[in-house]
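What follows is each chain in one-letter form.
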Protein chains: 4
Amino acid sequence: MLEKLKQEVYEANMLLPKYNLVTFTWGNVSGIDRDSNLIVIKPSGIPYEELKPEQMVVVDLNGNVVEGDLNPSSDTATHIILYKEFPNIKGIVHTHSPWAVTFAQAGLDVPAAGTTHADTFYGPVPVTRAMKEEEVIRDYEKQTGDVIVETFKERQIDPDQVPAVLVNDHGPFTWGKSAIDAVHHSVVLEEVAKMTYHTLQLNPYQIDMDQYLLDKHYLRKHGKNAYYGQKK
Amino acid sequence: MLEKLKQEVYEANMLLPKYNLVTFTWGNVSGIDRDSNLIVIKPSGIPYEELKPEQMVVVDLNGNVVEGDLNPSSDTATHIILYKEFPNIKGIVHTHSPWAVTFAQAGLDVPAAGTTHADTFYGPVPVTRAMKEEEVIRDYEKQTGDVIVETFKERQIDPDQVPAVLVNDHGPFTWGKSAIDAVHHSVVLEEVAKMTYHTLQLNPYQIDMDQYLLDKHYLRKHGKNAYYGQKK
Amino acid sequence: MLEKLKQEVYEANMLLPKYNLVTFTWGNVSGIDRDSNLIVIKPSGIPYEELKPEQMVVVDLNGNVVEGDLNPSSDTATHIILYKEFPNIKGIVHTHSPWAVTFAQAGLDVPAAGTTHADTFYGPVPVTRAMKEEEVIRDYEKQTGDVIVETFKERQIDPDQVPAVLVNDHGPFTWGKSAIDAVHHSVVLEEVAKMTYHTLQLNPYQIDMDQYLLDKHYLRKHGKNAYYGQKK
Amino acid sequence: MLEKLKQEVYEANMLLPKYNLVTFTWGNVSGIDRDSNLIVIKPSGIPYEELKPEQMVVVDLNGNVVEGDLNPSSDTATHIILYKEFPNIKGIVHTHSPWAVTFAQAGLDVPAAGTTHADTFYGPVPVTRAMKEEEVIRDYEKQTGDVIVETFKERQIDPDQVPAVLVNDHGPFTWGKSAIDAVHHSVVLEEVAKMTYHTLQLNPYQIDMDQYLLDKHYLRKHGKNAYYGQKK
């Protein structure tokens, strides 16, 4: 069942230690088959060095395990909300990568401070508000998804153009057109968070780049007038 | 004698260079057999690349060498105090890992600033008070253990829930249910110290996470209602 | 056609991941044959692990592709301006290396703060002014080259003595007597940006080194009285 | 001639890239044979990956090359002064390791902020005063040695107890009982500079450790009452 997607989600999970995004079992990647609405996700608490493609867990959009002997990631309910509310995405990544966590713990957006950021994210990577006590106590992982969605709606951010968020005092979620694509966004987020942290130490004034430079760099890589890379 | 424990303590010691927690011979790991009250500990000053399982030294709770040709770690007396006073622990690690040392030298706790911390430590990782001259001059290593125990008692911290401490102007000790478990706590401490250092540079206000979020994350991984990972 | 230069430009491109100067496909290296005025440059958006010498693209000084099936780097127009205006250079590198980007995003020069800097750069590595909206909208990559040239002219900096620049809110370009030489300058720039960032955090006053020490170190390695290294 | 010392000096040089203390050809190690007063030192400007034991250059205390086809390190005159003035040392290292350079460029000592420092250095690692124009213009490398010696004399620091210095706006020199020992001191200096830099960012007050703790840690590893490590 969904063998190809399982293999891809497995490989995407294995990129997390390769790109130094995780310590121990922290972090998880999922992918969705939009035809069957089934999600393939990492099992909870399994070390990456022991992980196998056949251990990937299949769950439906109600969170029921459809296939697999292991418990799915404890963050599965967050993934489900994002797949429901962001209809174009097909892969999700959660990590505790240290530079993204730094901004999440500080309760600050990663501002769009340069073209490295603009090549991937069309504006600041937002941080959510702190979750309320009742949201944490009850259905915590689902509520985590809800507060992410709320952030994008209230701030009118398009999740296809800014495929990343920082959950307050927690860490990043990223997404994309595939599980691999979502991992790439995690790598870029970590890199721009690192650069922009240091920029803020050097010069906390005028950190935001000009809108026209942001437009230029995002749109030379994305959308119908893109001209970066090779014709496909 | 205690061959299995020697092998485990040896392997735990070898994880220190693997996880980049030590330079040269800095750092040591021990484990205890609670039935015989015998401790297995790294010999003093031996480089990790030359270390062998059979070189592990066996000492009793009075610090007498029961087996082994080499001197035990110069920090053995500190380990003994912790095993005596913290009855549930079975492994101890001491390192000079740089981010934990940064807080130790600054004389500051590592505050609980986010869920990465809360997944392992149920509250701030405390720093001890500075040791007094008479404590340093006489029975220094034993007194180091005493000041750790004093810190946990006075601040009413449960060492099973916060398995780590920073000795002022010195560095971290961590412990756990086994020598390997204690090493894992050293890795997590180093990672959260790094993240939270950077968070403090970005935003030194409101660094402490909400208590209910701390509760949620600690308790979803620890205790009878934990639901992270696989059933065992 | 230009097989030797293609091989050298290929090898210079492969040094970027080796020296940890790039993430994914970010960055590009070119070289020029000054006899034919033909430039060999990396193709756009090709991952380094898949790159082959025969994929290098040959373009002329008008930006026309003379040989190659792939699109040249999207930054080709910037390279062309630099080759036209800086007549002694034969290789150019662009990266988003994080410490150089930190200064570029902060809109600050990398000051000449010590002998490591002076051994390679005869004065501060300048940052350009921010580009104007009309420069970004139209012929952006060419205008990027123009603003670099303007910076060196207005500040009367000799590009042979300071073979590097930071484009504001973007990142570094470096150049040299060959593609490999230009990569070496990228490595040195990243290293001195890292050191000098930290120096500025420790002591932001009197960051500039004495002119006579700058002279001494630059001139013991460069020019007719140089005495560093072996006779050639 | 001095084959054993050449091999040792070669191996000590090769430790510099192993411990990430050098970029390209920056840095050099020498050793002295105190019987013949001959110094073995790295040749100038040779990349480490190409270095061979037989390329080591033999010079006398007047700086004359006694054996070897290559130019000795451009810093040879500095090494000679240190061997002349610090009679107990037998090995010297110079690097541009980034954390030590950070303090050198800031013109600040590395203060003794914790036990990691005290285990190797019996007090702050001093920075020299800035060199004067006439010192830089004439006999620069010899004068560099002189200003190091002046620093230790004026501040009454014993070079056997603090085997390291930072040359202002330049970088570190370390020394020891052998070339390998001197490299070890370079590694420790880099590590404590890193830790103490970060400590200063967290808490710039009361950075100096208590004298009695400094005494304890230095003396439990050094001198006749040392008890760290194994009997020899």
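The present account deals with the structure reproduced in this document. These numbers come from a predicted model, not from an experiment.

It is worth spelling out the relation of the copies chain A and chain C at this point. Once chain A is rotated about the relating axis by 90° and shifted along it by 0.0 Å, it coincides with chain C to within an RMSD of 0.0 Å. Within this description, the copies of the chain are treated as partners about a four-fold rotation axis. If distances are taken from each C-alpha of chain A to the rotation axis, the shortest is found for Q201 of chain A, at 5.6 Å. Of the residues that chain A buries at the interface, just 6% are likewise interface residues in chain C, meaning the two copies contact each other through different surfaces.

Two copies of a chain can be linked by a rotation about an axis combined with a shift along that same axis. Placing chain A over chain B gives an RMSD of 0.0 Å and needs a rotation angle of 90°, together with 0.0 Å of translation along the axis. Little of the interface of chain A is mirrored in chain B: 6% of its interface residues are interface residues there too.

Residues and elements named next belong to chain D. Judged by pairing direction, the sheet is antiparallel, and its seven strands sit side by side in the order 4-3-2-1-5-7-6 without closing on themselves. Unpaired on one side and paired on the other, strand 4 (65–67) and strand 6 (164–167) mark the two borders of the sheet. Each adjacent strand pair in this sheet contributes to an overall mean axis angle of 25°, direction not counted. The strands that helix 1 (residues 3–18) touches are strand 1 (28–33), strand 2 (38–41), strand 3 (57–59), strand 4 and strand 5 (91–94); relative to strand 1, the one it contacts most, it runs at about 155°.

Both the distance between ring centres and the angle between the ring planes are used here to describe each pair of aromatic rings. Tallied over the entire structure, the rule returns 28 aromatic pairs over all chains. Members of the aromatic cluster, joined through ring pairs, are Y19 of chain A together with F24 and W26 of chain C. Over the ring of Y48 of chain A we find K42 of chain A, and its NZ or CZ is 4.8 Å from the ring centre. It is K221 of chain D that lies over the ring of Y228 of chain D; its NZ or CZ is 4.2 Å from the centre.

Let us now look at the interface of chain A and chain C. Listed as interface residues are 32 residues of chain A and, on the opposing side, 36 residues of chain C. Summing both sides of the interface, chain A and chain C together bury roughly 2900 Å²; the carbon and sulfur share of this comes to 54%. The largest share of the area that chain A buries against chain C comes from L202, Y212 and Q230 of chain A, three residues that together contribute 24% of it. Remark: the boundary between chain A and chain C carries two salt bridges. Linking R220 of chain A and D75 of chain C is a salt bridge whose minimum nitrogen-to-oxygen distance equals 3.5 Å. Of all elements in the fold, only helix 4 (115–118), helix 7 (179–202) and helix 8 (211–221) of chain A reach the threshold of two or more residues within the side of chain A that touches chain C. Sort the elements by how many residues they give to the side of chain A that touches chain C and helix 7 of chain A lands first, with twelve residues.

Turning next to the sheet that holds strand 4 (residues 65–67) of chain C. Residue and element names in this part refer to chain C. The seven strands lie next to each other as 4-3-2-1-5-7-6, forming an open sheet whose pairing is antiparallel. The strands lining the two open edges of the sheet, one partner per strand, are strand 4 and strand 6 (164–167). Taking each pair of neighbouring strands and ignoring which way they run, the sheet shows an average axis angle of 25°. Pairing of strand 3 (residues 57–59) with strand 4 involves two bridges; the strand directions are antiparallel. Its bridge partner lying in strand 4, V59 is registered against V65. Those strands touched by helix 6 (residues 140–154) are strand 6 and strand 7 (171–176), and its axis lies near 125° from that of strand 6.

Quick notes on the rules
Residues numbered from 1 in each chain as written. Chains lettered and ligands numbered in written order. Predicted model: local features only at pLDDT ≥ 70, side-chain atom pairs only at ≥ 80, totals over all residues. Heavy atoms only, no water. Least-squares fit on C-alpha atoms with pLDDT ≥ 70 in both. Contact = heavy atoms within 4.5 Å. Pairing = 2+ DSSP bridges. Helix = DSSP H or I, 4+ residues; strand = E, 2+ residues; numbered from the N terminus. Axes fitted to C-alpha atoms, helices over the stretch in contact; angles between N-to-C directions. Phe/Tyr/Trp six-rings, centres within 6.5 Å; stacked < 30°, edge-to-face > 60°. Lys NZ or Arg CZ within 6 Å of the ring centre and 35° of its normal. Buried area = accessible area lost by both parts, 1.4 Å probe. Salt bridge = Lys/Arg side-chain N within 4 Å of Asp/Glu carboxyl O.

Such coordinate-based values are descriptive only and should not be taken to indicate function.
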